[in-house]
Amino acid sequence: MTSQPRLSLAERKRRLVSDELTESALQLLALKGYDAVTIDEIVATAGVSRRTFFRYFASKEDVVVQFLADMGTGMRAELADRPAGESPAEALRNAVKVPLAACSARSDQAQRALIVVQLILRTPALLARFLERQAQWRDDLTEEMGRRTGLDPEAELYPRMAAGMALTAFDAVLRRWSDSDGAENPAELLDRAFDVIGPALDTVAA
């Protein structure tokens with residue numbers, strides 16, 4: 001049994017400060033709304049200076065977007081690890097389920113994720129940033145689908161279309177989950193979405 005590498009004291013401190021800033025920002029944003037909250041209020045609530053804030057985040061938007069920033073990394077890694085014989089639809093379904101795990105659990109983490117998702121979807125500046133992030137995820141999934149299918153993404157339409165369809169399903173699930181205030185199960189919604197797009201995904205034309 002191998003143990004996890006221990007973080008240095010400096011890294012632990014950095015994570016604590018980053019988490020405190022994020023938590024303070026989310027609390028204020030949920031209470032007052034995005035436009036009404038200033039960076040000065042965030043740093044005052046977190047008990048740090050403006051200089052410290054800008055050491056971790058470039059802008060107020062970054063505090064919120066960072067909460068979901070690593071979703072796409074998990075998607076691509078999961079897609080790469082799926083069995084070679086698995087159908088494209090099933091592989092993409094399992095890949096897109098990874099970032100939804102935090103939304104599915106009945107926990108404080110799920111409630112925080114709901115707050116962030118609702119802020120992003122209801123705030124134009126944040127939504128624009130989130131869509132930029134999704135564009136990178138689409139590129140990553142496109143490359144991986146090209147590898148899995150043996151189709152060149154530069155020459156064939158399928159890899160990019162498949163990645164786009166999977167992320168469209170992901171986006172639709174997030175919006176439905178947000179609109180239901182977390183009442184609906186994202187994993188079940190995703191299964192329903194892939195029941196619709198799965199047949200098309202599994203029609204791979206060389």
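Each value, and the rule that gives it
- Residues numbered from 1 in each chain as written.
- Predicted model: local features only at pLDDT ≥ 70, side-chain atom pairs only at ≥ 80, totals over all residues.
- Heavy atoms only, no water.
- Core = buried A, V, L, I, M, F, W, Y, C linked by side-chain atoms within 4.5 Å.
- Buried < 20%, exposed > 50% of the residue type's maximum accessible area, 1.4 Å probe, protein only.
- Helix = DSSP H or I, 4+ residues; strand = E, 2+ residues; numbered from the N terminus.
- Contact = heavy atoms within 4.5 Å.
- Phe/Tyr/Trp six-rings, centres within 6.5 Å; stacked < 30°, edge-to-face > 60°.
- Salt bridge = Lys/Arg side-chain N within 4 Å of Asp/Glu carboxyl O.
- Axes fitted to C-alpha atoms, helices over the stretch in contact; angles between N-to-C directions.
- Parallel < 35°, antiparallel > 145°, perpendicular 65-115°, else oblique.
- Left-handed = near helix turned anticlockwise from the far one by under 90°.
- Nonpolar A, V, L, I, M, F, W, Y, C, P; charged D, E, K, R; others polar.

1. Considerations on the nonpolar core
One recurring pattern in soluble globular proteins: nonpolar side chains tend to sit buried together.
Stage number 1. One finds Phe53, Leu92, Phe170, Phe194 and Leu201 to be the most contacted residues of the largest nonpolar core, which totals 56 residues.
Stage number 2. With ten residues, helix α9 (residues 158-179) is the largest single contributor of residues to this core.
Stage number 3. Excluding its chain neighbours within four sequence positions, the residues that come into contact with Leu92 are Leu79, Met145, Ala162, Ala166, Phe194 and Leu201.

2. Re the packing of aromatic side chains
Stage number 1. Tallied over the full model, the rule gives four aromatic pairs.
Stage number 2. For the pair Trp137 and Phe170, a centre-to-centre distance of 5.9 Å together with 70° between the ring planes defines the contact as edge-to-face. Of this pair, Trp137 sits in helix α8 (residues 124-149) while Phe170 sits in helix α9, and the two are 33 residues apart along the sequence. Across this residue pair, the class does not change: Trp137 and Phe170 are buried.

3. Brief notes about the pattern of salt bridges
Stage number 1. The final tally for this structure, using the stated rule, is 17 salt bridges.
Stage number 2. A salt bridge links Asp140 to Arg76; the nearest nitrogen and oxygen atoms lie 3.5 Å apart. Of the two residues, Asp140 sits in helix α8 while Arg76 sits in helix α5 (residues 71-81), which places them 64 residues apart along the sequence.
Stage number 3. Between Glu184 and Arg176 there is a salt bridge whose closest N-O contact spans 2.7 Å.
Stage number 4. The class for Glu184 is partly exposed, based on a relative accessible area of 24%.
Stage number 5. It is possible to trace a salt-bridge network through shared partners that takes in Arg76, Asp140, Glu143, Glu144 and Arg147.

4. Here we look at the packing of helix α1 (residues 9-32) against helix α7 (residues 108-122)
Stage number 1. Two numbers describe how α1 lies on α7: the axes approach to 11 Å, and their chain directions differ by 60°. The orientation of α1 relative to α7 falls into the category oblique. Two packed elements cross with a definite hand, and for α1 against α7 that hand is left-handed. Seen from α1, the contacting residues are Glu23, Leu26, Leu29 and Ala30; seen from α7, they are Arg112, Ile115, Val116 and Leu119.
Stage number 2. By residue class, the composition of the contact of α1 with α7 is six nonpolar, no polar and two charged.

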